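# Chains, contacts and geometry: an overview
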Amino acid sequence: MRRLENILRDKTRIVVKVGTNLLTDKLTGLNPDRINSIAGGVSHLQSLGYQVALVSSGAIGAGVAARRLKERPKSMREKQATAAIGQPILMEAYQSAFRGHSRIVGQILLTKDDFVNRGRYLNARNTLSVLLDDNVVPIINENDTVAVEEIKLGDNDNLSALVANMIGADLLIILSDIDGFYSDDPSRNRGAELIPVVETITPRIERQAKKSGGELGTGGMVTKIQAAKRCTSAGIAMIIANGGNPRVLQEVVSGEFRGTLFLPAAHRLNVRKKWIGFVSHPKGSVRIDEGAKTALTRHRKSLLPSGVLEVIGVFKAKDTISVLDVTGNEIARGVSGFSSGELARIGGRRTGDVETIIGRRTHGEVIHKDNLVLLHE
Ligand code: ADP
């Protein structure tokens, strides 16, 4: 899937959402094999350089089994109590699975208020950023024990889309017990067909999305399409794939997977560029020569190593950096393709020499034009 490659190229943050049906069984509780394969997949994404947040359902399902209830509770009080019991069971399972990959996890419980109230929103975002920058896996769930019906988000599909927006993710991967989005609910209609790519969410797509056929699941495809709208309109791609496949995350990032890809709306770059230019904090800067300045500002080209005169500060590849002109004025910001150490070695050199100098494959640009925002326009 060529278009997925473009979405994943140079991207840093991914949210993975795991559904209840996938994780829990009414009688036996949490499914350790699933938790292990998710931990393996998430660790794989991290080892490729992505920062990954996990939104996981399953607290009530785990609580149902622990309390030996015959069915999922219906009243709010009982649901909250069951979630209070199940949440630590869920976290313990993740913690031990991720420990097997030498990763640590952090628990974040959110309510609707955390998205509505700006102060709380920024706090939550900061905490998540610290965890993500440190390659810790935040495991996020709705705080069921304090959220009463009126203030509930109600489902983790919408929660995961809000989290993807909050952390500036480029992709939300929703893992369910089904291969993707079908033309109708396959549990009721055998003729339903998998739709591999959804370009725009039309009224027809919305009609095709039905509630969950499963017993423990909640929103079915209805809430997943709501999540897709929240993501794609903000420039974030979304995938629905089957978490029953233990290698699903590895396959998604390889670009060869079975599932449904919801493409981000056309103004994706604008949103991303807005973020690069005005939300992210530059970690360092590069001073460039007159020729490079003309290429950037007049011809809207990418910044190449040959134009770099000086590297200031310490930063990693994929950090946002400032671009200064010869006199030190900040003219642009963008996402660096190289670390400060690498740039110091390739500044002033020809693009063709870069891979030999730093010893790894690269796209060659210091800042690709898609990741560059001119500040004085
Ligand atoms: P999760 O717990 O993973 O969120 P849900 O049970 O809430 O899972 O949602 C997945 C279910 O949605 C599927 O198992 C299927 O029964 C149902 N469904 C309804 N409409 C569709 C559709 N158009 N395509 C695929 N699945 C659908």
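Residues numbered from 1 in each chain as written. Predicted model: local features only at pLDDT ≥ 70, side-chain atom pairs only at ≥ 80, totals over all residues. Heavy atoms only, no water.

## Some words on helix 7 (residues 118–133)
- In a regular helix each residue adds 1.5 Å, so 16 residues correspond to 22 Å; helix 7 covers 22 Å between its end C-alpha atoms and thus fits that length.
- Contacts from the buried residues of helix 7 go to strand 1 (13–18), strand 4 (51–56), strand 5 (105–110), helix 6 (113–116), strand 6 (137–142) and helix 8 (156–166).
- A distance of 2.9 Å separates the backbone nitrogen of Gly119 from a side-chain oxygen at the start of helix 7, and that oxygen is part of Asn117.
- A positive backbone phi angle near 60° is found at Asn135, which sits one or two residues after helix 7. (Helix = DSSP H or I, 4+ residues; strand = E, 2+ residues; numbered from the N terminus. Expected span 1.5 Å × (residues − 1). Contact = heavy atoms within 4.5 Å. Polar contact = N/O pair within 3.5 Å; in protein donor to acceptor, adjacent residues only side chain to side chain.)

## A short note on the packing of aromatic side chains
- Inspection of every chain in the model, using the stated rule, returns three aromatic pairs.
- Where Tyr94 meets Phe98, the ring centres are 6.3 Å apart and the plane angle is 35°; that geometry is what we call tilted. Of this pair, Tyr94 and Phe98 are both found in helix 5 (residues 76–99), four residues apart, which corresponds to roughly one turn of the helix. We note that Tyr94, like Phe98, is buried.
- In this structure, Lys318 packs its charged tip against the face of Tyr50, placed 5.7 Å from the ring centre. (Phe/Tyr/Trp six-rings, centres within 6.5 Å; stacked < 30°, edge-to-face > 60°. Buried < 20%, exposed > 50% of the residue type's maximum accessible area, 1.4 Å probe, protein only. Lys NZ or Arg CZ within 6 Å of the ring centre and 35° of its normal.)

## Some thoughts on the domain arrangement of the protein chain
- Its domain assignment divides the protein chain into domain 1 (2–273) and domain 2 (282–374).
- If you average the C-alpha positions of domain 1 and of domain 2, the two centres end up 35 Å apart. (Domains from an automatic or database assignment.)

## A few points about the sheet that holds strand 9 (residues 237–242)
- Pairing within the open sheet is mixed, and its eight strands lie in the order 5-6-4-1-7-9-10-8. Bordering the open sheet on either side are strand 5 and strand 8 (197–198), each of which pairs with just one other strand.
- Strand direction decides the pairing type here: strand 7 (residues 171–176) and strand 9, joined by six bridges, are parallel. Considered in strand 9, the bridge of Ile173 is made with Ile239.
- Strands in contact with helix 10 (residues 220–233) are strand 1, strand 7, strand 9 and strand 10 (260–262); relative to strand 9, the strand with the most contacts, it is inclined by about 150°. (Pairing = 2+ DSSP bridges. Axes fitted to C-alpha atoms, helices over the stretch in contact; angles between N-to-C directions.)

## Here we look at helix 10
- Along its 14 residues, helix 10 runs 21 Å from first to last C-alpha, staying within 8% of the 20 Å computed at 1.5 Å per residue.
- Taken as a whole, helix 10 has its buried residues at Gly220, Met221, Thr223, Lys224, Ile225, Ala227, Ala228, Cys231 and Thr232.
- Residues of helix 10 that are buried make contact with strand 1, helix 8, strand 7, helix 9 (203–208), strand 9 and strand 10.
- Two residues or fewer past helix 10, Gly235 is found with a positive phi of approximately 90°.

## Here's the deal with the packing of helix 4 (residues 59–66) against helix 5
- Two elements in contact, helix 4 and helix 5, have axes whose closest approach is 6 Å; the angle formed by their N-to-C orientations is 95°. The angle between helix 4 and helix 5 places the two elements in the roughly perpendicular class. Counted together, Ala59, Ile60, Ala62, Gly63, Val64 and Ala66 of helix 4 and Lys79, Thr82, Ala83, Ile85, Gly86, Gln87, Ile89 and Leu90 of helix 5 form the full contact between these two elements.
- Considering only residue class, the contact of helix 4 with helix 5 consists of nine nonpolar, four polar and one charged. (Parallel < 35°, antiparallel > 145°, perpendicular 65-115°, else oblique. Nonpolar A, V, L, I, M, F, W, Y, C, P; charged D, E, K, R; others polar.)

## What about the side chain of Asn242?
- Here Asn242 is to be found in strand 9.
- Looking at Asn242, the relative accessible area reads 19%, which means it is buried.
- Here the side chain of Asn242 touches Gly244 through a polar contact of 2.8 Å, landing on its backbone nitrogen.
- Setting aside anything within four residues of it in sequence, one finds Asn242 in contact with Leu22, Ser176, Asp177, Ile178, Asp179 and Val248.

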